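Residues per chain, in single letters:
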Amino acid sequence: MKRVVIGANAHAVLSKALLLRRPDLEVRGRRYTDVTEDDLHWGEAYLGFRRPPVAGMGNIRWVHCTGAGVDAWLFPEELPRDILLTRTAESFGPMIAEWALARALAFSQQLGAVAQDQQQRRWQHRDVTMLRGTRVVIVGTGDVGSHVGRLFRALGCVVHGVSRSGLGDPEVFSSCSTAASLATEAAKADWLIVTLPLTAATRGMVGRGVLEACRGAVLMNAGRGAVVDESLIPEALDKGWLRGAALDVFDVEPLPQESPLWDDPRVVISPHISGPTTPIAALDGFLDCLNALERGEQPLTVVDRDRQY
Ligand code: GLV
């Protein structure tokens, strides 16, 4: 495969770096929203996170997704299965772990309130609490969930993992259970941290049953918006099921202006920045796959179409 279409904001950097490493390739780079049907008929391989807004994939035979979550290539319509789908090998776990820790500390140290007090020159006592000894339930025990767990465990938290298999790294998770136990575990959580990809099985997994079971947890979502029933978050906060929420991903992105979440002081919003793709790692992952394909081998990061990640 010699003709590569890059659909990414960082297309200029990616195109230049790719051609430096593989001058034999031909590359067309654009923002993914600007990719045309003509580009896709010209190209053989596509490198990008999201699906370009055109019908069909032309002559593309291989899509390499530069994100960890490949849901853009599965929903609402799955990329035809005769097109190879691979995903990046980049680990977003360390970044997302710090994102989660920053939010946990923002709640436990009341950073928002303290900053407001300072702005008003107000000497106001605030009850700050420790993370040590609190219970963290991490939903998703893969690479991201494990990095998150490791960081909280290092601070003395008790870390429980919930996953499809009910398994997780025992050096990170002091216990693990399957998704069937999610509501029971949510009831015991001080921090409920979602790191799941979006699949048919995870869509809506944190729904009314789970939220209602919560006893004042802070919900964090760095997986995909649609894993959580976002419309229920205001009610969950009002009824005290949740004490707060830190959300990096949303059902619709950008989060619509009319969403009630924007104005809620109990909610900390970030615009899908917890684990950004880096151009160098994106390219490394692409070239690893390309090298494997050129050797006639199966790349290591082929997406399992049935598992959907
Ligand atoms: C970001 O959301 C990713 O899937 O890498």
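Residues numbered from 1 in each chain as written. Predicted model: local features only at pLDDT ≥ 70, side-chain atom pairs only at ≥ 80, totals over all residues. Heavy atoms only, no water.

### A look at the sheet that holds strand β10 (residues 217-221)
Pairing within the open sheet is parallel, and its 7 strands lie in the order β8-β7-β6-β9-β10-β11-β12. What marks the edges here is a single partner per strand, and that holds for β8 (175-178) and β12 (267-269). Neighbour-to-neighbour, the strand axes of this sheet turn through a mean angle of 15°, independent of strand direction. For β10 and strand β11 (residues 242-247), the ladder comprises 5 bridges, and the chain directions are parallel. Paired with V218 across the bridge in β11 is G244. Sitting on the sheet, helix α5 (residues 143-154) is in contact with β6 (135-139), β7 (158-163) and β9 (191-194), with an inclination near 175° to β6. (Pairing = 2+ DSSP bridges. Helix = DSSP H or I, 4+ residues; strand = E, 2+ residues; numbered from the N terminus. Axes fitted to C-alpha atoms, helices over the stretch in contact; angles between N-to-C directions. Contact = heavy atoms within 4.5 Å.)

### Here's the deal with the side chain of S108
Within the secondary structure, S108 is located in helix α3 (residues 93-108). Residues within four places of S108 in sequence aside, it is in contact with D127, V128, T129, L131 and W191.

### Concerning the sheet that holds strand β4 (residues 62-65)
Taken in spatial order, the 5 strands make up an open sheet running β2-β1-β3-β4-β5, and their pairing is parallel. The two strands at the open ends of the sheet, each matched to only one other strand, are β2 (26-30) and β5 (84-87). Pairwise comparison of adjacent strand axes, ignoring direction, gives a mean angle of 15° for this sheet. Relative to strand β3 (residues 45-48), strand β1 (residues 3-7) is paired through 4 bridges, and the arrangement is parallel. Each residue of the ladder has a partner; that of V5, found in β3, is Y46. Each of β1 and β2 is contacted by helix α1 (residues 11-21), which is oriented at about 170° to β2, the strand it contacts most. Across the sheet, helix α9 (residues 279-294) lies against β1, β3, β4 and β5, angled at about 150° from β4, the strand it touches most.

### Some details on the packing of aromatic side chains
In total, this model carries 2 aromatic pairs according to the counting rule given. Look at Y46 and W73: their rings are 5.6 Å apart centre to centre, the planes differ by 65°, and that puts the pair in the edge-to-face class. Taken together, the residues Y46 in strand β3 and W73 in the loop between β4 and β5 connect sequence positions 27 residues apart. By relative accessible area, which is 0% here, Y46 ends up buried. Measuring from ring centre to ring centre gives 4.7 Å for W62 and F286, while their planes differ by 5°; the resulting arrangement is stacked. On the criterion of sequence distance, the pair formed by W62 in strand β4 and F286 in helix α9 is long-range, its members being 224 residues apart. Given the relative accessible area of 0%, W62 is considered buried. Cation over ring: R203 sits above F75, and NZ or CZ is 4.9 Å from the ring centre. Residue placement shows R243 over the ring face of W191; its charged tip is 5.1 Å from the ring centre. (Phe/Tyr/Trp six-rings, centres within 6.5 Å; stacked < 30°, edge-to-face > 60°. Buried < 20%, exposed > 50% of the residue type's maximum accessible area, 1.4 Å probe, protein only. Lys NZ or Arg CZ within 6 Å of the ring centre and 35° of its normal.)

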